[in-house]
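Close look at the chain arrangement
As a plain string of letters, each chain reads:
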Amino acid sequence: MTASPGASATVRSGPPDLNSGQKLMVFVLSMTLFGLANIVTEVLPEFSIGPVDIGVSYLTFVPLIIVSLFNPLYGALGAPLGEIVFVDLLMGDFSGIGEVEGYLQMFLGLYIAGCMVRDPRRPVQLLTAGAMVVVVDKMLSGIVDVAKVWFGIEDAETVPGLPESILLLEGIDFAIALVISGVLFGGLPALFLVPRLYGKIEPLLGLAPRDPAHPIPLAQRGTAVFLLVAIVLAFVSAIAAFMEEILDGFGVWEPDFIDQYGQQFLWVGASAALIVLAVLVVAVRFVRDSRRDRAEQEERATREERTEAGS
């Protein structure tokens, strides 16, 4: 029986798997870079117009670059942890159990955005992904805030004369964050940087560039499974936010070092993130050199065996 052409070839059904070391490298890289980015946002100016704050929530393009070039799962897991470790904890502004809400919401936003980028060289995909990070994060956060007021857990911040102003304020905050963090500091810088980094930064970590022909799916077991997991995580984030209010700040640690020592204290978090990043770079170089030396030894041994066999 004659086999059809290509039947013997191995068909790759998805992106290549990462080993544990590569997963850790992507996780730590995302954590440190987003931690540094959030330290930068601490010094950016913010303006208030009545109850509405206008400022940069976060530099979306930093984690967006990671989840667009590398596996989005480990990039999305690391980025929000960087904010918690290098900003909230080290700066003395840790909100306890309430941090779970922000972590899960940002994780979902980044992971969905990373999976939406099928080809990192396509500007439209990068712009859409940048907006998606903010849409998911701020939409879930807004729903939780409205639910707190609805169930009487938290007092509403209202505008006199507007009985439904909580919805209006949440809508305005959402629109501002979408424009500033999602587009101006999200998709636009990413569509300039990602195509220029594509294929150049991945080999430094021993990774192959993402293949547009084999995009990363939202979930290996199907979209329905992912939607179920996303709903569960969103529900858990809401419960964490409710528990923060009910338990009156359980686990909160707020010595507020910036107020005590001034803006220069931000260098503590920045230095810690840079040290971790430097350790990662050294580790990556060591692993890369070790693999290269091992490959050269194996190639030399193979040549010697062939020479002996030929003689």
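Note: the structure precedes this text.
Residues numbered from 1 in each chain as written. Predicted model: local features only at pLDDT ≥ 70, side-chain atom pairs only at ≥ 80, totals over all residues. Heavy atoms only, no water.

1. Some details on the overall build of the protein chain
- Within the protein chain, the regular secondary structure consists of nine helices and four strands.
- Looking at the protein chain as a whole, 41% of its 311 residues are labelled buried.
- Sequence-distant contacts, at least 24 apart, represent 82% of the contacts inside the protein chain between residues at least 6 apart.
- For the protein chain, the exposed area adds up to about 17300 Å²; of that, 64% sits on carbon and sulfur atoms. (Helix = DSSP H or I, 4+ residues; strand = E, 2+ residues; numbered from the N terminus. Buried < 20%, exposed > 50% of the residue type's maximum accessible area, 1.4 Å probe, protein only. Contact = heavy atoms within 4.5 Å. Areas by Shrake-Rupley, 256 points an atom, 1.4 Å probe, with all protein chains shown as cover.)

2. A few points about helix 1 (residues 20-43)
- Taking 1.5 Å of rise per residue, the 24 residues of helix 1 would be expected to cover 34 Å, and the 36 Å separating its terminal C-alpha atoms lies within 8% of that figure.
- Where helix 1 starts, the residue carrying a side-chain oxygen 3.1 Å from the main-chain nitrogen of G21 turns out to be N19. (Expected span 1.5 Å × (residues − 1). Polar contact = N/O pair within 3.5 Å; in protein donor to acceptor, adjacent residues only side chain to side chain.)

3. As for the nonpolar core
- If you look at the biggest cluster of nonpolar residues, it comprises 59 residues, and the most contacted ones within it are L29, F70, L108, L110, L205 and L280.
- At the level of elements, helix 1, helix 2 (61-69), helix 3 (72-91), helix 4 (99-116), helix 5 (123-150), helix 6 (165-197), helix 7 (223-246) and helix 9 (266-310) are the ones that each hand at least two residues to this core.
- The biggest single contributor to this core is helix 4, with 10 residues.
- Those residues in contact with L108 that lie beyond four places of it in its chain are V136, L140, A230, L233 and A234.
- M31, F86, I258 and F265 belong to the second-largest nonpolar core, a separate cluster that totals 12 residues. (Core = buried A, V, L, I, M, F, W, Y, C linked by side-chain atoms within 4.5 Å.)

4. Some remarks on the packing of helix 3 against helix 4
- Running from N to C, helix 3 and helix 4 point in directions that differ by 145°, and their axes come no closer than 8 Å. Helix 4 is crossed by helix 3, and the crossing has right-handed handedness. Facing P72, L73, A76, L77, A79, P80, L81, I84 and D88 of helix 3, the residues of helix 4 in contact are E99, Y103, M106, F107, L110, Y111, G114 and C115. (Axes fitted to C-alpha atoms, helices over the stretch in contact; angles between N-to-C directions. Left-handed = near helix turned anticlockwise from the far one by under 90°.)

5. Things to note about the pattern of salt bridges
- The full count for this structure, using the stated rule, is four salt bridges.
- Linking D119 and R121 is a salt bridge whose minimum nitrogen-to-oxygen distance equals 3.0 Å.
- The class of D119 is buried, set by a relative accessible area of 9%.
- Of the residues examined, R121 reaches a relative accessible area of 44% and is grouped as partly exposed.
- D119 is paired through a salt bridge with R122; the nearest N and O atoms lie 3.8 Å apart. (Salt bridge = Lys/Arg side-chain N within 4 Å of Asp/Glu carboxyl O.)

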